[in-house]
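# Survey of secondary and tertiary structure
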Amino acid sequence: MFTLHRFHGGLHLDAHKEDSSLAPLATAPVPPRLIFPLQQRGGQNAESLASVGDHVLKGQVIARGDGPMNPPIHASSSGIVSAIEPRPLPHSSGLADLTIVIDTDGEDLALEAEARPDYRQLAPDELRRIIFESGIVGLGGAAFSTAVKTDPGHRAIDTLILNGAECEPYITCDDSLLRNFPHEVLEGARILMQVLSVERCLLGIEDDMPEAIRALREARAAGDYSNIDIVKVPALYPSGGEKQLIRILTGREVPTRGIPADAGVICQNVGTAAAVFRAVVWGEPLIERIVTITGKGIKNPGNWLTRIGTPIADLVRYSGGYSGVAERLILGGPMMGMSLPSDALPLVKAANCVLVTGRGETTGPKQALPCIRCGACAEVCPVNLLPQQLYWYSRADNLERAQEYQLPDCIECGCCDYVCPSHIPLVQYFRAAKSELVAKQRERSKADHARERFEARQARKEQEKLERAEAAQRKKAALAKPDTSEIQEAIARAKARKRAPEPDATAAAERADNESPKAQEPAEN
Ligand code: SF4
Ligand code: SF4
């Protein structure tokens, strides 16, 4: 019997999963146009390797980032690069940045893939290289570089956790993946275990996903997966949060401001595991993923295997279009998703769900009232924070105090928002304050970097000055005190000249004379 642990707070929410989960998984057609933002998570823009007019193939790298945090971007179908231009990003800010636009040619021609069915011979570093080159990032929504996450450095890891606890309402893409491709997920888990050199994997799945659990158990029984445990966890939001799932499955706490590796665990989404399997075994980079499209605002909700870069408008079209009551477009779920201003935006690697809400389906923004200090927000916070205090300090721009109250640990789950009787948009305040903190930290580290460079330059100048002074001193000393070694040598030569022609009888007397102090005087020269 597996012992499960509890985390603080959490909410039982209406799941709203049936609409999309009942329809069979469908494959989305290749859209006429694919759009790839060059801005990736946690880094500067990737640099385009393609030029306007280039013909590119499916699976071809079209952009590269500036380090391990930014894996490459691949074309998800063949076609002509028609533009490299700023376009709005799939972000609530609606800000624009550079994108590569490909007009697809309908041929879907692919680069030759390098299959590796014998991956068990490969070393962890080589597997990590393949994962990076295949453009794999976390598909649970965070889009963190998988190659970086599977390289814990000096930390000792003993457990891989696969996150199949799809706890946010409406989203069913992981459920669909597990029902349709359980073998890919389990095989991906095995590859990740090889990368991490661990013997244990726990696959956490919510107990309201019976078909996925059945499919996984059947696949596990059919293969050699005895060191992968499939563990049902209670459907409680946000049990799929990384730190919450680690707590539930292992009882371990990830330290404040720490990462799962600090607790000896690496956590990966089940979709990421399947992507790792495809990359390593089939040689297929990350060019498609399952996306849920749901809500009362869409005619035919469901799950689609969709090419990365597909505009949302095309996915809406494949799903029968908007229903008459469509109200809001959300990327992600109702708790943690972000409202989008337009359906012209593309689906990026992190896009797990498009929620088109119908009239009155989700509560939109309401008039905020003063905080009545009821404490309801603290009761549900899964991180055990004090949202009320965080709100005061965030609102007052007192970032120092907000930090003391562990603002960076907030996972933006929205539980506090959900229960607040005063309808205070707490998460909005927390997001803004966290962004400001990050910006300040960047500024500080930039300033620190500049100061370090200045100090290093000063130290180098001082050192050079010192060396010049020492050299000058040595020269001066040499001039003031001539080196006598040359004089000594000259005396020796002179003595030798004198000795050579003399008869043996006088040699001893001559030698004695030459060795007298007088004979050594420089005047003799
Ligand atoms: S739930 Fe809302 S009203 Fe109650 S303490 Fe928290 S912020 Fe204040
Ligand atoms: S949004 Fe942050 S403060 Fe609010 S409940 Fe979630 S973790 Fe706690």
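Our subject is the structure listed above.
The structure reproduced in this document is the subject of the present report. Within any chain, residue numbers begin from 1 and follow the written order of that chain's sequence. Think of it this way: whatever chain is written first is A, whatever ligand is written first is 1, and the rest follow in order. Per-residue local features are limited, in this predicted model, to residues with pLDDT of at least 70; the limit for side-chain atom pairs, both in listing and counting, is 80 or more; totals at the level of whole chains, interfaces and linings are taken over all residues. As a rule here, side-chain values come from all non-hydrogen atoms in the structure, and water together with hydrogens is ignored.

To continue, consider the side chain of Asp174. Starting at the N terminus, helices and strands are each numbered in turn, a helix being any DSSP run of H or I of at least four residues and a strand any DSSP run of E of at least two. On the secondary structure map, Asp174 appears in helix H4 (residues 173-180). Classification of residues uses two cut-offs on accessible area relative to the type maximum, computed with a 1.4 Å probe and protein chains only: under 20% is buried, over 50% is exposed, and between them is partly exposed. A residue counts as positive if it is Lys or Arg and as negative if it is Asp or Glu; His and the chain ends are not included. Each salt bridge in this description consists of a side-chain nitrogen of Lys or Arg and a carboxyl oxygen of Asp or Glu lying within 4 Å of one another. Although Asp174 is buried, it makes no salt bridge; Arg289 carries the closest opposite charge, 5.0 Å away.

Proximity is defined per residue: any heavy atom of the residue falling within 4 Å of a molecule or strand makes that residue near it. Taken together, 13 residues lie around ligand 2, and Cys381, Cys410, Cys413, Gly414 and Cys416 are the ones closest in. Looking at the shell around ligand 2, the elements that each hand over two or more residues are helix H13 (415-419) and helix H14 (426-480). Throughout, the ten residues Ala, Val, Leu, Ile, Met, Phe, Trp, Tyr, Cys and Pro are labelled nonpolar, Asp, Glu, Lys and Arg are labelled charged, and all others, Gly among them, are labelled polar. Taken together, the residues that form the shell around ligand 2 break down as 11 nonpolar, one polar and one charged.

Orientation is described by axes fitted as lines to C-alpha atoms, over the contacting stretch for helices, and by angles from 0 to 180 degrees between their N-to-C directions. Packing of H4 against helix H8 (residues 270-282) brings their axes to within 9 Å, and their N-to-C directions diverge by 45°. Between H4 and H8, the crossing angle belongs to the class labelled oblique. Read as a crossing pair, H4 and H8 show a hand that is left-handed. In contact with Asp174, Leu177 and Leu178 of H4, H8 contributes Val270, Gly271 and Ala274. Here the residues of the contact of H4 with H8 sort into four nonpolar, one polar and one charged. In this scheme, roughly parallel covers angles under 35 degrees and roughly antiparallel covers those over 145, while 65 to 115 is roughly perpendicular and the rest are oblique. In this scheme the crossing of two helices becomes right-handed for a clockwise turn of the near helix relative to the far one and left-handed for an anticlockwise turn of less than a right angle. Contacts are assigned to residue pairs with any non-hydrogen atoms lying within 4.5 Å of each other.

Moving on, we come to the sheet that holds strand S11 (residues 228-233). On the basis of which strands lie adjacent, the open sheet formed by four strands has the order S11-S10-S9-S12 and parallel pairing. Edge positions in the open sheet fall to S11 and strand S12 (265-269), since each of these has one partner strand only. Averaged over neighbouring strand pairs, the angle between their axes works out to 25° when direction is ignored. In this sheet, strand S10 (residues 200-206) lies alongside strand S9 (residues 159-164) in parallel orientation, the contact comprising six bridges. By the bridge assignment for S10, Thr159 is matched with Arg200. The strands touched by helix H6 (residues 210-222) are S10 and S11; relative to S11, the strand with the most contacts, the crossing angle is about 165°. At least two bridges found by DSSP between two strands is the condition for calling them paired.

What follows concerns the environment of Arg252. With respect to the secondary-structure elements, Arg252 resides in the loop between helix H7 (242-250) and S12. Setting aside chain neighbours within four positions, we find Arg252 in contact with Asp158, Thr159, Arg200, Ile246, Arg247, Ala263, Gly264 and Val265. Counting of polar contacts relies on pairs of N or O atoms within 3.5 Å, with two restrictions inside protein: one atom must be capable of donating a hydrogen and the other of accepting it, and residues adjacent in sequence are counted only when both atoms are side-chain atoms. A distance of 3.1 Å separates a polar atom in the side chain of Arg252 from a polar atom in the side chain of Asp158. Within the structure, the side chain of Arg252 is placed 2.8 Å from the backbone oxygen of Ala263, a separation counted as a polar contact.

Attention now goes to the site of ligand 1. If you check the shell around ligand 1, you find Cys371, Ile372, Arg373, Cys374, Gly375, Cys377, Gln388, Cys420, Pro421, Ser422 and Leu426 and nothing else. Tallied by class, the residues present in the shell around ligand 1 amount to seven nonpolar, three polar and one charged.

Time to look at the pairing of strand S7 (residues 79-88). One ladder, built from two bridges, connects strand S4 (residues 55-56) with S7; its direction is antiparallel. The partner of His55 across the bridge, within S7, is Ile80. Bridge count for S7 against strand S8 (residues 96-104) is nine bridges, and the pairing is antiparallel. Bridge assignment links Gly79 to a residue of S8, and that residue is Thr104.

With mixed pairing, six strands are arranged side by side in an open sheet as S1-S14-S13-S17-S15-S16. Two strands lie at the open edges of the sheet, namely strand S1 (26-27) and strand S16 (338-339), each paired on one side alone. The sheet contact formed by S1 and strand S14 (residues 302-307) spans two bridges and is parallel. Pairing of Thr27 across the sheet is with Leu305, part of S14.

Residues Tyr237 and Pro238 are joined by a peptide bond in cis, for which omega reads 0°. Within the secondary structure, Pro238 is located in the loop between S11 and H7. One non-glycine residue, Tyr170, adopts positive backbone phi at about 75°. Position of Tyr170 relative to the elements: it lies in the loop between S9 and H4. In the Ramachandran plot, His423 falls in the positive-phi region, its phi being about 55° despite a non-glycine side chain. Along the chain, the position of His423 falls in the loop between H13 and H14.

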